[in-house]
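# Examining the three-dimensional arrangement
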Amino acid sequence: MKAAVWYGARDVRVTEREVTPPGPDEVLLSVAYCGICGSDLHEYADGPHSVPVGKAHPASGVRAPLVLGHEFCGTVTAVGPAVRGLAAGDRVAVEPHYRCGACPRCLAGEYNICRHFGFAGLMGHGGLAEYATVPAYMAHRLPDEVPFEQAALFEPASVALHALRRGGDADSVAVVGLGPVGLLTVLLAARRGIRRIVASDIDPARLGLAARLGATEVVDARDAGEGDAGLRVRAACGGEGADVAFEVVGSQAALDTCLAATRRGGRTVLVGLGRRVSFDSSALVDNEHSIVASVGYRDTYPELIRLVGTEGLDLRPVVTSVIGLDDVVRAGFSSLLDGGDQIKILVSPSPSPSPSAPAPDSAPDSDSAPVPAPEARTPAAPAPAGRRGDSR
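Heads up: these notes are all about the structure in this document. (Residues numbered from 1 in each chain as written. Predicted model: local features only at pLDDT ≥ 70, side-chain atom pairs only at ≥ 80, totals over all residues. Heavy atoms only, no water.)

### Quick word on the packing of helix H5 (residues 180-191) against helix H6 (residues 204-213)
- In the contact formed by H5 and H6, the axes pass within 8 Å of each other and the chain directions differ by 20 degrees. Judged by the angle between their axes, H5 and H6 are roughly parallel. Of the two possible hands of crossing, H5 and H6 adopt the one that is right-handed. Judged by residue contacts, Leu-183, Val-186, Leu-187 and Ala-190 of H5 engage Arg-206, Leu-209, Ala-210 and Leu-213 from H6.
- Partitioning the contact of H5 with H6 into residue classes produces seven nonpolar, no polar and one charged. (Axes fitted to C-alpha atoms, helices over the stretch in contact; angles between N-to-C directions. Helix = DSSP H or I, 4+ residues; strand = E, 2+ residues; numbered from the N terminus. Parallel < 35°, antiparallel > 145°, perpendicular 65-115°, else oblique. Left-handed = near helix turned anticlockwise from the far one by under 90°. Contact = heavy atoms within 4.5 Å. Nonpolar A, V, L, I, M, F, W, Y, C, P; charged D, E, K, R; others polar.)

What follows is the structure in structure tokens.
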């Protein structure tokens, strides 16, 4: 099979690899789509950040070189002998969080902060490939009403949904940074009925898209002086400030904007991936502001499946291109890093016709089957949008 393999910074190669048969508790799937995430860009541009290099990750047992891609979906082609509830032919979305199931946080249901925290596609082999093998607990069966083009967006949408949950009840929110996760935060905030949603970015096209997705006000921060963007967002929230602000960039400037935009007693949720930041602790105390972090997600896929499958939610407006696996570096990573009009790029690996899945170490149960040819896929034409403005 073909796969996009990370060997080092600026060194991702589309190479031929053996298809890995599923272990006892694993499933093999033919990948329909895999999105390129900001985390993938960081690894490509100047990694390793999360990719294990010297030592294998404890949950995956894998170290570099590894197959990138954690935003993926596809069709099950074989299952391990201990797998129940999934069968060859099932359409699934992959929730790529590794979990041990035994640490205190897993036992408390908080598997997104498992002591062996990690993601398939960053800490283990992922979905930028024709086939992927993952633990069965990662696979969520999709109803016929949920197309693959939507399921490929469940991972970034889950980041947004979990961040909104971390933010708590709110009548007004500010979203600073309109990359895919920021835009999906706007969309899901509107879906939750939040009355006032203020979106801020430096890209006019992304601001326009945010307005179409449900932002009630937009703030163009291109010409904002130091501290001005936060004051503009505060003013757009009626002068009092937002109940909750979402920092979806991972930068000092975005954090400053969020803190300035948040009302007394309000909350800032850190979603973006950044380095060290600083803040005025006296101002934080005087205003009784809260800063909380949001990492990954938990128990989000069932809600997204319901929202898309039965309530008509459409996540696809954030998609700007669908490309083939052979073009993942030139038209994917390089295109996103170079700026331009890309927001979310989906990769369609298009497996070769009718390869056979290797036999697993243990004989599969009756649900296993040879790998079939992929189903026909006709992605919807995405709306154009602005250049990359944040890390998420």
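### Concerning the packing of aromatic side chains
- Tallied over the full model, the rule gives five aromatic pairs.
- Plain terms: the ring middles of Phe-119 and Tyr-297 are 6.3 Å apart, the flat faces sit at 65 degrees to each other, and that makes the pair edge-to-face. With Phe-119 in the loop between helix H2 (104-107) and strand S7 (131-135) and Tyr-297 in the loop between strand S14 (290-293) and helix H10 (301-311), this residue pair connects regions lying 178 residues apart in the sequence. As far as the burial class goes, Phe-119 and Tyr-297 line up, both buried. (Phe/Tyr/Trp six-rings, centres within 6.5 Å; stacked < 30°, edge-to-face > 60°. Buried < 20%, exposed > 50% of the residue type's maximum accessible area, 1.4 Å probe, protein only.)

### Digging into the side chain of His-57
- With respect to the element layout, His-57 can be found in the loop between helix H1 (38-46) and strand S4 (66-67).
- Taking the relative accessible area as the measure of exposure, His-57 reaches 10% and is therefore buried.
- There is a polar contact of 2.9 Å between the side chain of His-57 and the backbone oxygen of Phe-117. (Polar contact = N/O pair within 3.5 Å; in protein donor to acceptor, adjacent residues only side chain to side chain.)

### Looking at the nonpolar core
- Judged by nonpolar contacts, the single largest core of 56 residues is most densely connected at Phe-154, Phe-246 and Leu-315.
- Listed in part, the 38 residues of the second largest apolar core include Ile-36, Leu-86, Ala-139 and Phe-333. (Core = buried A, V, L, I, M, F, W, Y, C linked by side-chain atoms within 4.5 Å.)

### Let's talk about the sheet that holds strand S2 (residues 11-16)
- Judged by pairing direction, the sheet is antiparallel, and its three strands sit side by side in the order S2-S1-S4 without closing on themselves. At either margin of the open sheet sits one strand with a lone partner, and together these are S2 and S4. (Pairing = 2+ DSSP bridges.)

### Concerning unusual backbone geometry
- Between Gly-47 and the following residue, Pro-48, the backbone shows a cis peptide bond with an omega angle of 10 degrees.
- Residue placement: Pro-48 occurs in the loop between H1 and S4.
- Between Ala-64 and the following residue, Pro-65, the backbone shows a cis peptide bond with an omega angle of 5 degrees.
- Locating Pro-65 in the fold gives a position in the loop between H1 and S4.
- Even without glycine at this site, Glu-288 takes up a positive phi of about 50 degrees.
- Along the polypeptide, Glu-288 turns up in the loop between helix H9 (281-286) and S14.
- You can call Glu-288 exposed: its relative accessible area is 62%.
- Of note, the phi angle at Asp-299 is positive, near 55 degrees, even though the residue is not glycine.
- Tracing the chain through its elements places Asp-299 in the loop between S14 and H10.

### As for the environment of Val-146
- Here Val-146 is to be found in the loop between strand S8 (139-141) and helix H3 (148-151).
- Considered as a pair, Val-146 and Gly-312 are 166 residues apart in the sequence and their alpha carbons are 9.6 Å apart.

### So, H1
- Among the residues making up H1, those that are buried are Gly-38, Ser-39, Asp-40, Leu-41, Glu-43 and Tyr-44.
- Close packing links the buried residues of H1 with strand S1 (2-8), S2, strand S3 (26-35) and helix H11 (328-337).

### Looking at the pattern of salt bridges
- Tallied over the entire structure, the rule returns 15 salt bridges.
- Between Asp-223 and Arg-232 there is a salt bridge whose closest N-O contact spans 3.2 Å.
- For Asp-243, the salt bridge goes to Arg-263, with nearest N and O atoms at 2.6 Å. With Asp-243 in strand S12 (residues 242-247) and Arg-263 in strand S13 (residues 262-270), this pair connects stretches of sequence that are 20 residues apart.
- A single network of salt bridges, built from pairs that share partners, joins Arg-191, Arg-306 and Glu-311. (Salt bridge = Lys/Arg side-chain N within 4 Å of Asp/Glu carboxyl O.)

### Considering the sheet that holds strand S9 (residues 172-176)
- Strand order in the open sheet formed by six strands is S11-S10-S9-S12-S13-S14, and the pairing between neighbours is parallel. The outermost strands of the open sheet, each flanked by one partner alone, are strand S11 (217-220) and S14. Between one strand and the next, the sheet's axes are offset by a mean angle of 20 degrees, whatever the strand orientation.
- Strand direction decides the pairing type here: S13 and S14, joined by four bridges, are parallel.

### So, the environment of Val-328
- Mapped onto the secondary structure, Val-328 falls in helix H11.
- Sequence spacing of Val-328 and Pro-349 is 21 residues, and the spatial spacing of their C-alpha atoms is 9.6 Å.
- Beyond its immediate stretch of four places on either side in the chain, Val-328 contacts Ala-4, Val-14, Ile-36, Leu-128, Ile-323, Phe-333 and Val-347.

### Digging into the packing of helix H4 (residues 154-167) against H10
- At a minimum axis distance of 10 Å, the contact between H4 and H10 shows a crossing angle of 110 degrees. As judged from the angle between their axes, H4 and H10 are roughly perpendicular. Taking contact as the criterion, the partners of Phe-154, Glu-155, Ala-157, Ser-158, Leu-161 and Arg-165 in H4 are, on H10, Tyr-301, Glu-303, Leu-304, Ile-305 and Val-308.
- Class assignment of the residues belonging to the contact of H4 with H10 gives a composition of seven nonpolar, one polar and three charged.

### Comments concerning the pairing of S9
- Taken across its five residues, S9 has five buried, putting it largely inside the fold.
- Neither face of S9 is exposed, since Ser-172, Ala-174 and Val-176 on one face and Val-173 and Val-175 on the opposite face are all buried.
- Sheet topology note: the S9/strand S10 (residues 196-201) ladder contains five bridges and is parallel. Each bridged residue has a counterpart across the sheet, and for Val-175 the counterpart in S10 is Ala-199.

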